[in-house]
Structure formats: structure tokens, C-alpha cells
Amino acid sequence: PVDTLNSLLASIDNGSIASVEIEDRGGGYAPGYGPPRVEFPRPDAGDAYRNALGRAVLYPNGQLLRVDLQNRGFGYSSEPTVTISLPGADRGVTIPGAVGATAKAYIFKRGVNKGRLDRIQIQNPGLGYLEGEKIRVDIGPPELLPEQGGVKATAVTILEYAVASIDIVDGGNGYAVEKKIEVYVEPPPVTA
């Protein structure tokens, strides 16, 4: 009886979704993956009513998602230091409240890739980095000298994106006006 009553009241309200208030922006999204899928629940009024449709809008949240190696280098016998430029350094400004990112390098210790960098792991993603900012990553040189075949590794940073808003494509109908509606946004892919 409760479900039937809820369905009846929702059909009388015949509400549509006008906007979505973001409570948790999430994170871990990478640029270039496109907007994550947004799912609204079925209208309480029943299957004869239209489901709302929306599209997530992503924005850089000021943090680094990861550091990608461009060149793994060669001749490392121990993990080199990794220094990442501070937010605003490319413009020669100090941003109040900004925090520089930190990361640690790991090398292959055996096998065919011995002496090359395996990966760079972010320890602190920082805060205050902007889209389009030239973020510098400096990786320490290998112990093997260049004239002996040593090659310094190079890397680039990838900004982390979060959900800024959800644009309503179709507000649907048949929703109860006074009821809070949970909206699901697809999490970032594992490869992000």
C-alpha cells in the first residue's frame, strides 16, 4: 500500500528534475576520458513516466592525478629524487594556500629493465594547480654517467578532474517533488 500511495502522489506531483546539487564531487577522473555516465532513479510515479537524463561536467580540482614517465632513463642503481614545481611557478607567482605535490620514483632492480624507472608514485597530490599550467617534473640523474650510457628519466604530470556540475539534458517527469533523489555518477576507470 505504501508503494502504491507513493506512486499516486508522485503522479499527482509529476515533478521534473530542474537541477542537481553536488554533495560529493568525487575525483580520480583524467582528462580526455569524456564525461562519466549519470544515472537518475526511475520516477516514483511508474514506468509510464520519463526518466531524467543528465551529463556530468568535469573540472580540474587543483591536484595531480598521476605522473606519467615519458622516458624511463637508464643507469639508475637507486631511486632518484623527484621534484615537482609549485602551483603558479610557471607564471612566477605565489598562490596563497597552494601546496606543491610530492612524488617518489621506483626503479626496476632486476630483469631486462634493470636500471630504468618503473613508476613515479604521487605521495601528496598538491593543491592549486591550474589547467594549462606548465608543471615541471625534475627527476634526479642516474648514477651511470652519460658518457657511459646513463640517461636521465623524464616525466609529465596529469591533473585530476572532479565533477563540477550535472547539466540536465531531460528533466523527465513523474518524480515526487518533496523527495530527495540520489543521482549516481560513474566512477573513473581504473586506467585513469
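Residues numbered from 1 in each chain as written. Predicted model: local features only at pLDDT ≥ 70, side-chain atom pairs only at ≥ 80, totals over all residues. Heavy atoms only, no water.

Caption draft 1: Layout of the overall build of the chain. Of the regular secondary structure elements, the chain holds one helix and eight strands. Mapped in sequence order, the helices and strands of the chain form the string α-β-β-β-β-β-β-β-β. The principal-axis extent of the C-alpha atoms belonging to the chain is close to 80 × 40 × 25 Å. Residues counted as buried form 33% of the 192 residues belonging to the chain. Side-chain charges in the chain split into 19 positive and 23 negative, and the spacing between the mean points of these groups amounts to 11 Å. (Helix = DSSP H or I, 4+ residues; strand = E, 2+ residues; numbered from the N terminus. Buried < 20%, exposed > 50% of the residue type's maximum accessible area, 1.4 Å probe, protein only. Lys, Arg positive; Asp, Glu negative; His and termini not counted. Charge placed at Lys NZ, Arg CZ, Asp CG, Glu CD.)

Caption draft 2: Geometry of the environment of proline 141. Structurally, the position occupied by proline 141 is in the loop between β6 (137-139) and β7 (154-170). When its relative accessible area of 58% is taken as the criterion, proline 141 is described as exposed. A sequence separation of 67 residues divides proline 141 from phenylalanine 74, and the C-alpha atoms of the two residues are 9.3 Å apart. When residues no more than four places from it in sequence are discounted, the contact partners of proline 141 are Tyr76 and Lys152. (Contact = heavy atoms within 4.5 Å.)

Caption draft 3: Main features of the nonpolar core. The biggest cluster of nonpolar side chains holds 29 residues, and the ones touching the most others in it are Leu64, Ile84, Leu117, Ile120 and Ile139. Every element with two or more residues in this core is listed here: β2 (53-71), β3 (82-84), β4 (102-107), β5 (117-124), β6 and β7. Those residues in contact with isoleucine 139 that sit more than four places away from it in its chain are Leu69, Tyr76, Pro80, Thr81, Leu117, Ile120, Lys152, Ala153, Thr154 and Ala155. (Core = buried A, V, L, I, M, F, W, Y, C linked by side-chain atoms within 4.5 Å.)

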